[in-house]
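# Topology and contacts: notes
Residue strings, one per chain:
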There are 4 protein chains.
Amino acid sequence: MVKVGILGATGYAGSEIVRLLSQHGGVELSMLTSKSYAGQKMSDIYPALKGICDMVLEEAEPEVVAEKCDVVFTALPHGASKEVIPKLYALGLKVIDLSGDYRYNDPAVYEEWYKEAHSSPELLAESVYGMPELHRDDIKKTRLVGNPGCYTTCSILGLAPLLAAGVVEEKNIIIDAKSGVSGAGRGLAQAFHFCECTESMKAYKVATHRHTSEIEQELSLLAGSDIKLSFTPHLVPMKRGIYATIYANLKEPKSKEELMKLYHTFYDNEPFIRLHDQGVPESNFVSGSNFVDIGLCVDERLNRVIVISTIDNLVKGAAGQAIQNMNLLCGFPETQGLSGAGFYL
Amino acid sequence: MVKVGILGATGYAGSEIVRLLSQHGGVELSMLTSKSYAGQKMSDIYPALKGICDMVLEEAEPEVVAEKCDVVFTALPHGASKEVIPKLYALGLKVIDLSGDYRYNDPAVYEEWYKEAHSSPELLAESVYGMPELHRDDIKKTRLVGNPGCYTTCSILGLAPLLAAGVVEEKNIIIDAKSGVSGAGRGLAQAFHFCECTESMKAYKVATHRHTSEIEQELSLLAGSDIKLSFTPHLVPMKRGIYATIYANLKEPKSKEELMKLYHTFYDNEPFIRLHDQGVPESNFVSGSNFVDIGLCVDERLNRVIVISTIDNLVKGAAGQAIQNMNLLCGFPETQGLSGAGFYL
Amino acid sequence: MVKVGILGATGYAGSEIVRLLSQHGGVELSMLTSKSYAGQKMSDIYPALKGICDMVLEEAEPEVVAEKCDVVFTALPHGASKEVIPKLYALGLKVIDLSGDYRYNDPAVYEEWYKEAHSSPELLAESVYGMPELHRDDIKKTRLVGNPGCYTTCSILGLAPLLAAGVVEEKNIIIDAKSGVSGAGRGLAQAFHFCECTESMKAYKVATHRHTSEIEQELSLLAGSDIKLSFTPHLVPMKRGIYATIYANLKEPKSKEELMKLYHTFYDNEPFIRLHDQGVPESNFVSGSNFVDIGLCVDERLNRVIVISTIDNLVKGAAGQAIQNMNLLCGFPETQGLSGAGFYL
Amino acid sequence: MVKVGILGATGYAGSEIVRLLSQHGGVELSMLTSKSYAGQKMSDIYPALKGICDMVLEEAEPEVVAEKCDVVFTALPHGASKEVIPKLYALGLKVIDLSGDYRYNDPAVYEEWYKEAHSSPELLAESVYGMPELHRDDIKKTRLVGNPGCYTTCSILGLAPLLAAGVVEEKNIIIDAKSGVSGAGRGLAQAFHFCECTESMKAYKVATHRHTSEIEQELSLLAGSDIKLSFTPHLVPMKRGIYATIYANLKEPKSKEELMKLYHTFYDNEPFIRLHDQGVPESNFVSGSNFVDIGLCVDERLNRVIVISTIDNLVKGAAGQAIQNMNLLCGFPETQGLSGAGFYL
């Protein structure tokens, strides 16, 4: 059994890793850490896990983590990751980081969007962007994965085949993305009070959200040129889900069938991509599962393609993709523990 | 007291007219018609209206309607409007139609999007598009108003100042719109079952929704040229609200302040337009009210403006705007019965 | 115009008073106070009120309040009311207090349930329990109203006719009550995070909720004997609404019709009580309105009556009833500003 | 591999069986039937199951079912079960019926509550009430299980230890139960339209719901005397969950600890019962899982115990319990395929 630790286990991503790993079969949870809840049981904080995971939460030095664990998920608040990861990495652990700290190829991009210098640029050079559909081979060889953000996973995978094939204009790509509230995490704020969330929606961080830079990095690699695009996040009154509506202008007229063929070629061996040849997916087709559901329409009047891409932000957008990366890092079948149906209801 | 009839009173728009008129003060409800519920009381169908409106629903011939009413709201299923309105109009009534039948200047556009010939093109020539912010003077002079759709009201008013000022490119305008479920009406369908709506969202009628043609008609008039744009409707799990995120490329760089100034000039005498100089509105800022809340951001990296526009689909997107039109048609102050605060909670 | 102040205007009850008074017509808002938001505009905190109430929030000494206002609503956090109200009262103001501080006839009951001595028992002797259906004449004569709680209003009015008529046993009365989340107020807590509220429900403060004591006080007065009962509050995932399911054993067999007749006799002159002779009400029949909707069933197998009573916790359960009391205190028609339909949708 | 058929696979219970069995490991789905959707794929109706279950739905005669399957779940509309089950049983199949048809010991009780004669009383004599916690040994020996209703499972298991121990009065037991909307099934009705469900709640079938008779049957067996009680179902705006608040009068004063001890003795070997020694459970502690979470409070003022019991109506209240019964019938470990954590988020 591979011994697994989760640092920051009581956030929504952390608790989702616990939920999913309880059905994995190849790993043993050896350590859960939490600053705020150390000394309490995981199932005190998440009573849904009573009888499933009653481990006591700890505060632990990196050395202790390294003693008890083979692989570690860091689901820490922004900033905390950067501090602890170099130590964990130096101690020989495999690390899957759910923050933005190790997702960039270029420290300058990090600096531009996070407004601070990167404290361990040498590690950034070793880390791999943990999107198996694009970087599977590199992930298998690394010990440090920068697990992608939820908006980015949904957006990049929705657009990748079009940019790889070079069929859309590089300008005028627009991603209008909608997220369930769990994407904002478990922290308290007036905006996440039930009475102010339910029956309402809003855009936020318009033209300034950090995930824009991740999307641009990966799409530029695929396109072989510098992509700049609009990304607008919205909060909608549901718990889970990312739903991206993506607009791009076709260089030459293409039918829906021609474009779907590109997607099939690009994705047909991927275990978690489901293509909708008919219609477009709804967000709860993927709730609770690691699937990415993609459909598209062509607007012939405007020579524009509209792609719909949807994931569960907590699964493929966080915990599930992290476990997919763990499977690759540790030699498990890539889908182990992730093959279950979601919960439509 | 002006005598008012509502044909098709038991749909969501009809019931909302009843709710709002109960506080108007200048009108008397003289007739409510319903095919399915004739003989029952309005408050049997909507018990929230018990003690507020206990009128008995009728089925009535146009002649009877004309006898009892001065002005009529037609909130009928698509197709039914076109049949009855020519008779009501010929009988001298003032008519505010909530269907799409009398919203077009050009019968050919109607035909293209509704896939049938218009049966009374001569009336189409007399009807006025009932958006007071753009056609106030014409509305005052007509007896037949084509009350705009919910998506269209939100989209057109969000974009009007930019197109009137000629500061954005005519190509690459994209409207990504999200609607609460009441926009789909009271009819039953699997898609509107609570269990399949809640905690989920989806796009629908991508690149084919009829409201596109209304938006293009009005924006082309404002721009003085032929506008074609992308309009994508989505269903989100809330009862009320339209939330439009609108993208347009600036011809020349402009700051947010410059653009807001255009909006202030265009709208500062409008009683129902609220401009957000700071931040962007949320959909429940307008729930239950006739307000249109608008904010915008400029993405300097891309020389693109992103406008957020939001209304309550049942009020400014249907019943409220219809009453605003009635006020203009009947000589009431334009805001009468519509000045209340919405319900944030 | 009567000059009105609201102390603690930015809580949910305070903001609802502002919303309702904006349509009242007989009063002028002269002062809104807030400790946390002093210096900001009411519409900065509640943008739904933009253009409706843009007053600046203040912090103010009682003397200043007394200068500017004729009548004051105190919607302060528990404890704060008791401190400021004696001063306001001494300065000659009419005061409607939305806390629990002035709802009791007997300071010992307050002490038992609030676990502290009452600091102004002499005022408790002058204050009137602000439920017009039971104490209308006394309210007209007082200057200090203890505005009832939301659970209590719904429960007492649901049971009053049965206890006044002496047809149910005094033992074995059970009130199983469900509340929307706004009943918990605007404060932040993990339990009110959208993700932990939506799609879930729970009981809380079982057998220990303070509103039990208010209910027992008023029902004992009606019954002429000492009533002790079970009251269980629950949180359900909706914004507004109290829904009480009430069980009582009949002394002698009675038909539903006989019992409804008691309710009609008791309530038929009441402007805000709506009796459902057929079926039982749903909670959104009253959303946004000051109505109390009541229905009942008789279980002949068990000789038990089950009463359903429902109100909007923010209106009849707080702000609306407070305004109803203000109308009585100030000589307005009792229903002024409160006659509107709620919003079913 | 045991070959499994599901008759009526496209209802909510049927689709949940498919979801859960996809992770079971010991069975093979051999047949899914549907009258309305025959010829379509299961994943056309539930796209969440795309790639998980793409079987084609069939219409099939009992003989064909018997050829292809070892065990059959019947999740048919009421009435349809009674017709087909005698044939399936005669053909040697193991049958787990999710309707009410085979839940009763006494055909007269069925007749009283279902207002029709039972058509196969001889089978009723052979069928076992499928609640493993009460009838495990009998279930192992039968070939026909009447799978309990959702309300009943939650209510009976909440009360069983008290009645078995004889510590509560037999009169004045009151079960106030709240259900998510999926309990009403996938069929369309105005009451389940999103706009009329969300933000609202209601009681229904007060004092007349059929599940009352199931609860009384099982509790009478446990008590050894004839129990009659109040059961009130409510609809609350969430997809899943049954939440029962149960009131019973103690014969003699007992502390919470004494009562919890009874529960521990009764349930401590049960794999799906979780007892909350502190506090009471919330409904989403069990969402998506087969757990029954139970807590209780003692009201010493009134000598009354209030028990909270909650389950997921689609899992322990339908599909999960049905699979638990299948495990017993087929010799699998009782928890196989059911040990996963639910989804708190």
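Structural data are supplied above this passage.
Structural notes, computed from the coordinates. Everything quoted here is computed from the prediction, not taken from an experiment.

## Side note on the packing of aromatic side chains
- Overall, the coordinates contain 40 aromatic pairs over all chains when judged by the stated rule.
- Residues Phe285 of chain A and Tyr344 of chain A carry aromatic rings whose centres are separated by 6.5 Å and whose planes lie at 40° to one another, so their mutual orientation is tilted. Separated by 59 residues along the polypeptide, Phe285 of chain A in the loop between β11 (273–275) and β12 (292–299) and Tyr344 of chain A in the segment after α12 (315–330) bring together distant segments of the chain.
- When its relative accessible area of 6% is taken as the criterion, Phe285 of chain A is described as buried.
- Judged by relative accessible area, Tyr344 of chain A falls into the buried class, the value being 9%.
- Pairing Tyr263 of chain D with Tyr267 of chain D gives two aromatic rings, centres 6.4 Å apart and planes at 50°, and the pair type is tilted. You can see Tyr263 of chain D and its partner Tyr267 of chain D sitting in helix α11 (residues 256–267), four residues apart, about one turn around the helix. In this pair, the class of Tyr263 of chain D matches that of Tyr267 of chain D, namely buried.
- Joined through ring pairs, the aromatic side chains of Tyr46 of chain A together with Phe285 and Tyr344 of chain D make up one cluster.
- Arg143 of chain A extends its terminal NZ or CZ atom over the ring of Tyr89 of chain A, reaching a point 4.1 Å from the ring centre.
- Against the face of Phe291 of chain B rests Arg274 of chain B, its NZ or CZ located 3.9 Å from the ring centre.

## What about the sheet that holds strand β7 (residues 174–179) of chain C?
Residues and elements named next belong to chain C.
- What the seven strands build is an open sheet, ordered β8-β9-β7-β10-β13-β12-β11; its pairing is mixed. Edge positions in the sheet fall to β8 (202–203) and β11 (273–275), since each has one partner strand and no second.
- Note that β7 and strand β10 (residues 242–249) share six bridges and pair antiparallel. Paired with Ile174 across the two strands is Tyr247, which belongs to β10.
- Across the face of the sheet, helix α11 (residues 256–267) comes into contact with β11, β12 (292–299) and β13 (304–311) while running at roughly 155° to β12.

## Notes on the environment of Lys202 of chain D
- Within the fold, Lys202 of chain D resides in strand β8 (residues 202–203).
- Along the sequence, Lys202 of chain D and Glu59 of chain D sit 143 residues apart, while their C-alpha atoms lie 37 Å from each other.
- If sequence neighbours within four positions are ignored, Lys202 of chain D has contacts with Tyr243, Pro281 and Glu282 of chain C together with Ala191, Pro233, His234 and Leu235 of chain D.

## A word on the pattern of salt bridges
All names here are of chain A.
- Overall, the coordinates contain 68 salt bridges over all chains when judged by the stated rule.
- Notably, a salt bridge pairs Asp226 with Lys228, separated by 3.8 Å at the nearest N-O pair.
- On the basis of relative accessibility, which here comes to 58%, the residue Asp226 falls in the exposed class.
- We classify Lys228 as partly exposed; its relative accessible area is 37%.

What counts, and where the lines are drawn
Residues numbered from 1 in each chain as written. Chains lettered and ligands numbered in written order. Predicted model: local features only at pLDDT ≥ 70, side-chain atom pairs only at ≥ 80, totals over all residues. Heavy atoms only, no water. Phe/Tyr/Trp six-rings, centres within 6.5 Å; stacked < 30°, edge-to-face > 60°. Helix = DSSP H or I, 4+ residues; strand = E, 2+ residues; numbered from the N terminus. Buried < 20%, exposed > 50% of the residue type's maximum accessible area, 1.4 Å probe, protein only. Lys NZ or Arg CZ within 6 Å of the ring centre and 35° of its normal. Pairing = 2+ DSSP bridges. Contact = heavy atoms within 4.5 Å. Axes fitted to C-alpha atoms, helices over the stretch in contact; angles between N-to-C directions. Salt bridge = Lys/Arg side-chain N within 4 Å of Asp/Glu carboxyl O.

Treat this as a map of the structure, not an account of what it does.
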